[in-house]
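Residues per chain are reported as follows:
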Amino acid sequence: MEVFGLLEIEDLHVSIGGRMVLKGINLKIDRGENHALFGPNGCGKTTLLNTIAGVPRYVVESGRILFKGKDITHLPMDERARMGIGIAFQSPPAIRGLKLKDLIKLCNPEAKPEKVLMEMNFLEFADREVNRGFSGGEIKRSEMAQLLAQRPELVMLDEPDSGVDLENIKLIGRAINKLTEKDTKPSKRTRSGIIITHFGHILDYISVDKAHVMMEGTIVCTGSPREILEQIKTRGYEGCVRCLCPT
Amino acid sequence: MSDIAERAKKALGKKATYGPDVDLEKYDVEAKPHEEIQRLEEVPEDVRKAALNVGVSLEKEVGGAYIQMDQTPVVARSSTEGIEVLDIATALKKYDGLKDYWWKLVPVDQDKYTADVALHPPAGYFLRAKSGAKTIFPLKSCLYLGQTNLNQRVHNIIIAEEGSELHVITGCTTPSHVQKGLHIGVSEFFIKKGAHVSFTMIHSWGREVDVRPRTGIYMEEGATLSNNYICLTPAKTLQTYPKAILDGPGAVASFNTVLYAKEGHLDTGSEIVLRAPRCSADSITRAVSVGGEIITRGKMVGEVPDVKAHLECVGLILSEKGRIDSIPELDGRCGGLDMSHEAAVGKISELELEYLMARGLTKDQATGVIVRGFLDVEIKGLPESLRDELRKITQLQELHGGS
């Protein structure tokens, strides 16, 4: 047994452009677990994911991030990626002259671009320039295909279901389950995930173990994904927090 | 003395409009002669290698070839019916001095460089596609400057007769041991009614080589041209400013320029004159400086209504030093025309870098990928085989970021 979770976050404070956005996050994700993050716009969900990924604009003021037991708080983002952290961005930039299939090769030289693109029903985009003229839903499929090639141990998904039609939500759900090894025996699972979602559509297709509600830069509630989503739907974020979380 | 020689003599001291002045006296005029080569397989290894570096692979199918070592044409032959490849001295003899073409587009007294070429025995190629003829495989030519400190002078004539199609790739290069030299290349293009020409020029020079191409292009009704210029290795100074005249209705010219400057001074550009209705032209330049100085000029002149022209120059400066000076000019001389330009000079986007780093690429690798993509201009009008070779060139070069 490992002493550490795959990811451990201790009292994390993060600022962007001098403004404090995360104010003391504590979070532990064990291997094989899939976590959902809920919360109103601007509560810090995306900031948390980008900070874990190591995007330089997000400045860690205090606290630390441990990945596989190693302190990665100040590690450059490419080293974190090579350690096994992967992220699907919400609005990634277009890259001129770089074909999607070539980017997939860069994610993992051993990956077969056609295979992962086929899984995402996205093969016809293989020769397209990355993200250039992609619709919202197409960006999601492109991001998922890249992650399928990269095979990170911790996969972080920022609203993988926004802008995606019903048919493709199923595909994305299947890919997430694959990335978090929900298609294998629980005892064999070593990979984990964090997923930001607003509407929870994606939860109909994926298996999530825990959910967290974030408000104003902290995690205010943790519990069963279904229960929390139900409360948010009926009573809003404020009501949900008051009802479920005496802490 | 001929009229050409007389005008040239008067221009011997005439400095060029653009680019640092080169002292012609500093260079040797006597070139060691080379022997003619009977078969492509016999081209010396170092020439073959240098040619490959500028995209001129002599192994694959070639529609015709011209190879010049220093001042000597060593190979000039065509393997395509209807396509003529001669060395220029032979062509002058065969076609009675090429009276309708010789110095008709580039003024012999334009500057001291054109004058210098005119006053010495000519070397260079004569390419002609007869009416209706088409190259299946591109013609390949290599101008090889192998003798240190030589003044290499070249005069080329390219003629695409009515309805013909001509694809040419020319690599101009020095082997790695030649650092110093001068290359002056005069090229005159005649693209007749309905003909299509793609002309791709790749330069790879030594650090101490001065380069002064002088190009004139004339296009008739319905003619199309895809003119591509690629220079990814440093030269001491390089200045070129081809001028194209679209003289027949519906002529279309497309200029693509890809520049990468580690050091040295590149002053490139073009002037395109749209002289007949329904003509259109676009000129796209991608420039990257990692310490070198790049000036890109682009001028479009619209003389009649119902013409279209677009200029685009995008530059990246990847180091602290380095300069990209983009000078677009649009000269509309009547109503009813449509001309535009777009220019941007800046750095690599942090967002793009981070995106690739999130996939595990180091900053240097990510920079390389972004720069290569940036330089990979989608060039229209090229046959697929040439496109592949071109892509290989931009992938081959070691392109580094500033850090």
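Note that the structure is predicted; figures quoted are calculated from it, not measured. (Residues numbered from 1 in each chain as written. Chains lettered and ligands numbered in written order. Predicted model: local features only at pLDDT ≥ 70, side-chain atom pairs only at ≥ 80, totals over all residues. Heavy atoms only, no water.)

Caption draft 1: Summary view of the overall build of chain B. Secondary structure summary: chain B contains seven helices and 20 strands in total. For 403 residues, the compact-globule estimate of 2.2 N^0.38 gives 22 Å, and the C-alpha radius of gyration of chain B, at 20 Å, lies within 12% of that figure. For chain B, the spread of C-alpha atoms along the principal axes amounts to about 65 × 55 × 45 Å. Taking all 403 residues of chain B together, 60% fall into the buried category. A separation threshold of at least 6 residues defines the contact pool for chain B, and within that pool the share at least 24 residues apart is 85%. Of the roughly 15800 Å² of accessible surface on chain B, 49% is carried by carbon and sulfur atoms. (Helix = DSSP H or I, 4+ residues; strand = E, 2+ residues; numbered from the N terminus. Rg over C-alpha atoms; globule rule 2.2 N^0.38 Å. Buried < 20%, exposed > 50% of the residue type's maximum accessible area, 1.4 Å probe, protein only. Contact = heavy atoms within 4.5 Å. Areas by Shrake-Rupley, 256 points an atom, 1.4 Å probe, with all protein chains shown as cover.)

Caption draft 2: Looking closely at the packing of aromatic side chains. Scanning all chains against the criterion turns up 10 aromatic pairs over all chains. Ring geometry for B:Tyr18 against B:Tyr241: centres 5.4 Å apart, planes inclined by 70°, an arrangement best described as edge-to-face. Taken together, the residues span a long stretch of sequence, with B:Tyr18 in the loop between α1 (3-10) and α2 (45-53) and B:Tyr241 in the loop between β12 (237-239) and β13 (243-246) at a distance of 223 residues. A residue is classified by how much of its surface remains accessible, and B:Tyr18, at 23% relative accessible area, is partly exposed. Residue class for B:Tyr241 comes out buried when judged on its relative accessible area of 18%. When the ring of B:Trp102 is compared with that of B:Trp103, the centres are 6.4 Å apart and the planes differ by 70°; the resulting orientation is edge-to-face. With respect to burial, B:Trp102 and B:Trp103 carry one shared label: buried. Three or more aromatic residues joined by ring pairs make a cluster, and in this case those are A:Phe122, A:Phe125 and A:Phe134. Above the ring of B:Phe374, the side-chain terminus of B:Arg286 is found at 5.7 Å from the ring centroid. Sitting above the plane of the B:Tyr18 ring, B:Arg297 keeps its charged end 3.6 Å from the centroid. (Phe/Tyr/Trp six-rings, centres within 6.5 Å; stacked < 30°, edge-to-face > 60°. Lys NZ or Arg CZ within 6 Å of the ring centre and 35° of its normal.)

Caption draft 3: Representation of the side chain of B:Arg212. All names here are of chain B. Checked against the element boundaries, Arg-212 lands in strand β10 (residues 208-219). A polar atom in the side chain of Arg-212 sits 3.0 Å from the side chain of Thr-237. Residues in contact with Arg-212, not counting those within four places in the same chain, are Gly-19, Pro-20, Val-22, Tyr-113, His-183, Ile-184, Gly-185, Thr-237, Leu-238 and Gln-239. (Polar contact = N/O pair within 3.5 Å; in protein donor to acceptor, adjacent residues only side chain to side chain.)

Caption draft 4: Spotlight on the pairing of strand β17 (residues 293-302) of chain B. Residues and elements named next belong to chain B. Counting buried residues in β17 gives nine out of 10 residues, a clear majority hidden from the surface. With 10 bridges joining them, strand β15 (residues 265-274) and β17 adopt parallel strand pairing. Bridged to Gly-269 within β17 is Arg-297. Pairing of β17 with strand β19 (residues 323-332), which is carried by 10 bridges, proceeds in the parallel orientation. Residue pairing for β19: Ile-295 is matched across the bridge by Asp-325. (Pairing = 2+ DSSP bridges.)

Caption draft 5: Main features of the interface of chain A and chain B. The interface of chain A with chain B comprises 27 residues on the first partner and 19 residues on the second. Both sides of the chain A and chain B interface together cover about 1900 Å² of buried area, and 62% of this is carbon and sulfur. The tally of links from chain A across to chain B stands at two salt bridges. Salt-bridge contacts for B:Glu354 lead to A:Arg57; the nearest nitrogen and oxygen are separated by 3.0 Å. Among the secondary structure elements, those contributing two or more residues to the side of chain A that touches chain B are α2 (77-83), β6 (85-88), α3 (100-107) and α5 (136-150) of chain A. Classifying every residue of the side of chain A that touches chain B gives 17 nonpolar, four polar and six charged. (Buried area = accessible area lost by both parts, 1.4 Å probe. Salt bridge = Lys/Arg side-chain N within 4 Å of Asp/Glu carboxyl O. Nonpolar A, V, L, I, M, F, W, Y, C, P; charged D, E, K, R; others polar.)

Caption draft 6: Representation of the sheet that holds strand β4 (residues 58-67) of chain A. Residues and elements named next belong to chain A. Taken together, the four strands give an open sheet; going across it, the order is β2-β1-β4-β5, and neighbouring strands pair in antiparallel fashion. A strand with exactly one partner marks an edge of an open sheet, and here the two such strands are β2 (19-29) and β5 (70-71). Strands β1 (7-16), β2 and β4 of the sheet are contacted by helix α1 (residues 45-53), whose axis makes an angle of about 110° with β1. (Axes fitted to C-alpha atoms, helices over the stretch in contact; angles between N-to-C directions.)

Caption draft 7: Seen up close, the environment of A:Val155. Relative to the assigned elements, A:Val155 resides in strand β7 (residues 154-158). Placed 135 residues apart in sequence, A:Val155 and A:Met20 show a C-alpha to C-alpha distance of 25 Å.

Caption draft 8: Main features of the pattern of salt bridges. By the definition in use, this model includes 33 salt bridges over all chains. Put simply, A:Glu10 and A:Arg64 hold a salt bridge, and the shortest N to O gap is 2.8 Å. Placement of A:Glu10 in strand β1 and of A:Arg64 in strand β4 is noted, with a sequence separation of 54 residues between them. On the basis of relative accessible area, A:Glu10 is assigned to the partly exposed category, the value being 29%. Between B:Glu303 and B:Arg333 there is a salt bridge; the shortest N-O distance is 3.6 Å. Here B:Glu303, found in the loop between β17 and β18 (308-317), pairs with B:Arg333, found in the loop between β19 and β20 (338-346); they are 30 residues apart in sequence, far enough to count as distant. Since its relative accessible area comes to 26%, B:Glu303 is described here as partly exposed.

Purely spatial values, then, with no claim about function.
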